[in-house]
Amino acid sequence: MSATSVTVIVPKGGGAEPRAALDVVASYMETTGFTFEIITADPEPFGPAMRRAVSEATGSVIVLVDPELPYPVSAIGDAVAMVESGTTDVARATTSRLRQGSPFLRWLLVEELPDPAIFLVALSSSAAKTIAGESRLVDRGCELEFAFLANKYGFRTENIVVQPSEHGRSRSFGAAGGIAAALKIRLANRRNVYRPARRCPVCFSPEVFSCGQIPGNVVRACRRCKCRYLNQFADLEGSQPVRRVIRAHRAVTQPSYESHSPPARERTSMRRLNWVRRQLPARARVLEVGVRDGSFGAAASSEYEYVGIDPAAAAARHARSRGLEVYCASLSTFVNTGPSFDAITLFHVFENMTDPHDALERIKDLLKPGGVLFLSALDTEGLLYLLSGRKLMAQNFRTHLILYSRSALIELLEHSGFEIIDIGPDFEYRDQKFLRHWLSSHHPYIAPIARLVLRGLPDPTIVTTGSIRIIARRRSGPPLNARTIRSAEPTHAR
């Protein structure tokens, strides 16, 4: 196992060699076991000197330090460890857990700004090369520019709280100086001076930014279509096997991700079946993508020619144990050996697909002309998401890859060759035990009142989940050629 290679960049202080800082840093790095190099950079102009030093760096982790070292030298090792472990791409030192900078400055740039009192930042090699290569400012405002570009290109950023020494350095950017630098950065971004970020995977807009972080990933947001999506996700659809074993398996266990009782799921499935009955005649051929526990298939198989697919082997086995025709396959690997389907249902499955355009193209191939698509998904423009979206961000992206807005779904379906028939809010049944626990953990102030209200309601109770339901019909004619747009510039991830 090779040792971690680290490049430490130390700006010169007052035009002279920062000999004391170099000796302290070198002595400490020798005790860490890292393979390291130390590069000195000219103090003026600060921005070009940093960019030149980063371009010459050869380490897998690049650390920019303050020549005065107004913090313990061990903070360098902590920052390197955070980056090398994969926890983050950018680790910054700060003297307080509170957010730095004025609210107006954070509104102009990003929520998390560097601490103006100290200067210590560790970056992965790819992050350092990208950010430094795109920076343009020449003064100490490039510290703010680094923070803005890290957000723009979707790098994970974490802060390290350090104890500063009594004689810390002077502030690198004050209120006035920071606003002036922030305006320069915004104007440069407006004039497309920086390389554009990867486009939104839904509408291909370059107006994307990082809106939050979850463990191991960054959540990106599109200003145009109001969608939220993960910055990096692997395409697992092509690796899923196709299993056409119809017989039931012994000792079938229920999928562990189902947190609601069977009565609640069955009543939700009957509600969805009534939704399908209004559009389809009896004995129509129906494909369900994502069968979960098979409750919808059990209800629909008595009236329709039902086929289900699910990439999770446990879910497919559990559904087959109920006598359903279910295959362990993803949408892209499923091979239809019968006639085209009259309808396809996706109940909270579309958010888990890596490429919405390819998925809709495949759905259109499986549907017969005039076939109906039933889709339900979380709405990022809904009131419930707007009130609790940031608080539940990690939970929403535990299984989902992309969260869509109502307007984005309508535009996406229409461009993919579908005609919207009906759209409205989606309701599901939930156990009162689950509702009481959810209210107590998320809204403790109104939980006592809500419990009193729940006592007068039936169990399970129908509630809104902040989702929408869409019925779309396949129309004739070619869809919008999305691949032509994507060939010009790739989407999501760096």
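What comes next is a walk through the structure. (Residues numbered from 1 in each chain as written. Predicted model: local features only at pLDDT ≥ 70, side-chain atom pairs only at ≥ 80, totals over all residues. Heavy atoms only, no water.)

1. Some points on the overall build of the protein chain
For the record, the criterion: Numbering of helices and strands starts at the N terminus; helices are DSSP runs of H or I of at least 4 residues and strands are runs of E of at least 2. Burial classes: relative accessible area under 20% of the type maximum marks a residue as buried, over 50% as exposed, and values in between as partly exposed (1.4 Å probe, protein chains only). Should any heavy atoms of two residues lie within 4.5 Å, those residues are counted as being in contact. To measure how exposed things are, a 1.4 Å probe is used in the Shrake-Rupley method; for residues, cover is taken only from the protein chains shown.
Helix and strand counts for the protein chain stand at 17 helices and 17 strands. Residue burial in the protein chain is summarised as follows: out of 494 residues, 51% are buried. Look at the contacts in the protein chain between residues 6 or more apart in sequence, and 74% of them connect residues 24 or more apart. Carbon and sulfur atoms provide 53% of the accessible area of the protein chain, an area that totals close to 22,900 Å².

2. Remarks on the packing of aromatic side chains
The test is simple: Centres within 6.5 Å are what make two rings of Phe, Tyr or Trp a pair, Trp counting through its six-membered ring; a difference in plane orientation under 30 degrees is then read as stacked, over 60 as edge-to-face, and the rest as tilted.
Tallied over the full model, the rule gives 9 aromatic pairs. Here the aromatic rings of Trp275 and Phe374 are separated by 5.7 Å at their centres, their planes lie at 80°, and the arrangement is edge-to-face. In this pair, Trp275 sits in helix 8 (residues 262-277) while Phe374 sits in strand 14 (residues 367-378), placing the two residues 99 residues apart along the sequence. Given the relative accessible area of 5%, Trp275 is considered buried. For Phe374, a relative accessible area of 0% corresponds to the buried category. Relative to Tyr404, the ring of Phe350 lies with its centre 5.1 Å away and its plane at 25°, an arrangement referred to as stacked. Placement of the pair is Phe350 in the loop between strand 13 (341-347) and helix 11 (356-366) and Tyr404 in the loop between strand 15 (402-403) and helix 14 (406-415), with a sequence separation of 54 residues. Accessibility classification places Phe350 together with Tyr404 in one group, the buried group.

3. What to know about the environment of Ala447
By the secondary structure assignment, Ala447 is in helix 16 (residues 447-455). Of the residues examined, Ala447 reaches a relative accessible area of 2% and is grouped as buried. Distance from Ala447 to Arg436, taken between C-alpha atoms, is 7.2 Å for residues 11 residues apart in sequence. In this structure, Ala447 is in contact with Leu439 and Ser440, ignoring residues within four places of it in sequence.

4. With respect to empty space enclosed by the protein
Put simply, the test is: Points on a 1 Å grid over protein atoms alone make up a cavity when a 1.4 Å probe fits among them but cannot get out, and a pocket when they form an open set with protein on both sides within 12 Å along at least five of seven lines; lining residues each have an atom within 4 Å of a point. Grid points are joined across faces, edges and corners, and a volume is the space filled by probe spheres set on the points. Basically, the charged four are Asp, Glu, Lys and Arg, the nonpolar ten are Ala, Val, Leu, Ile, Met, Phe, Trp, Tyr, Cys and Pro, and anything else, Gly included, counts as polar.
Applying the stated criterion across every chain yields a total of 2 cavities of 30 Å³ or more. By volume, the largest cavity is sized at about 160 Å³. Contributing to the lining of the largest cavity are 18 residues, with Arg92, Pro114, Phe119, Val121 and Glu143 lying nearest its centre. In terms of residues, the lining of the largest cavity owes the most to one element, helix 6 (residues 142-152), which gives 5 residues. Class assignment of the residues belonging to the lining of the largest cavity gives a composition of 15 nonpolar, no polar and 3 charged. Volume-wise, the second largest cavity comes out at about 30 Å³. Together, Val54, Ile62, Leu64, Leu123, Ala128, Ile131, Ala132 and Phe146 line the second largest cavity. Looking at the lining of the second largest cavity, the elements that each hand over two or more residues are strand 3 (61-64) and helix 5 (125-134). Among the elements that line the lining of the second largest cavity, the one with the most residues is helix 5, at 3 residues.

5. Some remarks on the pattern of salt bridges
When the charged atoms of two side chains with opposite charge come close together, those side chains can pair. Defined as follows: Salt bridge, as applied in this entry: a Lys or Arg side-chain nitrogen positioned within 4 Å of an Asp or Glu carboxyl oxygen.
If you walk through the whole model with that rule in mind, you get 9 salt bridges. Two residues, Arg224 and Glu411, come together in a salt bridge whose shortest N-O distance is 2.9 Å. You can see Arg224 sitting in the loop between strand 8 (217-222) and strand 9 (228-230) and its partner Glu411 sitting in helix 14, a full 187 residues away along the chain. On the accessibility criterion, Glu411 (25% relative accessible area) is partly exposed. As a salt-bridge pair, Arg469 and Asp422 come within 2.8 Å of each other at their nearest N and O atoms. Placement of the pair is Arg469 in strand 17 (residues 461-474) and Asp422 in strand 16 (residues 418-430), with a sequence separation of 47 residues. The exposure class assigned to Arg469 is partly exposed, which follows from its relative accessible area of 22%. When salt bridges that share partners are traced, they join Arg272, Glu428 and Arg430 into one network.

6. Focus: the layout of surface pockets
Its boundaries defined by the atoms lining it, the second largest pocket holds a volume of some 1,400 Å³. Lining the second largest pocket we find 42 residues, and of these Val110, Asn151, Phe209, Ser210 and Cys211 sit closest to its centre. Among the secondary structure elements, those contributing two or more residues to the lining of the second largest pocket are helix 4 (103-108), helix 6, strand 6 (157-161), helix 7 (175-190), strand 7 (208-214), strand 8 and helix 12 (383-388). Of the residues belonging to the lining of the second largest pocket, the class tally is 19 nonpolar, 9 polar and 14 charged.

7. Comments concerning a nonpolar patch on the surface
This is how it is decided: Only residues whose relative accessible area exceeds 30% and that form no salt bridge enter a patch; like-charged residues are grouped when within 9 Å of one another, and nonpolar side chains (Val, Leu, Ile, Met, Phe, Trp, Tyr) when within 5 Å.
Nonpolar side chains collect at one region of the surface, where Ile449, Val453 and Leu457 lie side by side and expose about 280 Å² of accessible area between them. Among the residues examined, Ile449 registers a relative accessible area of 58% and is labelled exposed.

8. Notes on the nonpolar core
We count it as follows: Joining through side-chain atoms within 4.5 Å is the link that ties buried Ala, Val, Leu, Ile, Met, Phe, Trp, Tyr and Cys residues into a set, and such a set is a nonpolar core.
The biggest cluster of nonpolar side chains holds 92 residues, and the ones touching the most others in it are Leu64, Ile344 and Phe350. Examining the composition of this core, we find that 7 residues originate from one element, helix 6, more than from any other. The residues touching Leu64, leaving out its near neighbours within four places in the chain, are Ile9, Met50, Val54, Phe119, Leu120, Val121, Leu123 and Phe146. Counting 25 residues, the second largest nonpolar core, distinct from the first, contains Ala21, Ile76, Val83 and Ala91.

9. Comments concerning the sheet that holds strand 5 (residues 121-124)
The test is simple: Pairing between two strands requires that DSSP report at least two bridges joining them. Here the axes come from fitting lines to C-alpha atoms, over the contacting stretch only for helices, and the angles between their N-to-C directions go from 0 to 180 degrees.
Strands sit in the order 2-1-3-5-4-6 across an open sheet of 6 strands; the sheet is mixed. In the strand order of this sheet, the two ends are held by strand 2 (35-41) and strand 6, each with one partner. Averaged over all pairs of adjacent strands, the angle between their axes in this sheet comes to 20°, without regard to strand direction. In the sheet, strand 4 (residues 90-94) pairs with strand 5 via 3 bridges, with the strands oriented antiparallel. Bridging across to strand 5, Val90 finds its partner in Leu123.

10. Observations concerning the state of the cysteines
The condition that has to hold: The disulfide criterion used throughout: a pair of cysteine sulfur atoms within 2.5 Å.
In the structure shown here, the tally under the stated rule is 0 disulfides. No disulfide involves Cys203; its sulfur sits 3.5 Å from that of Cys222, the nearest cysteine. Among the residues examined, Cys203 registers a relative accessible area of 16% and is labelled buried.

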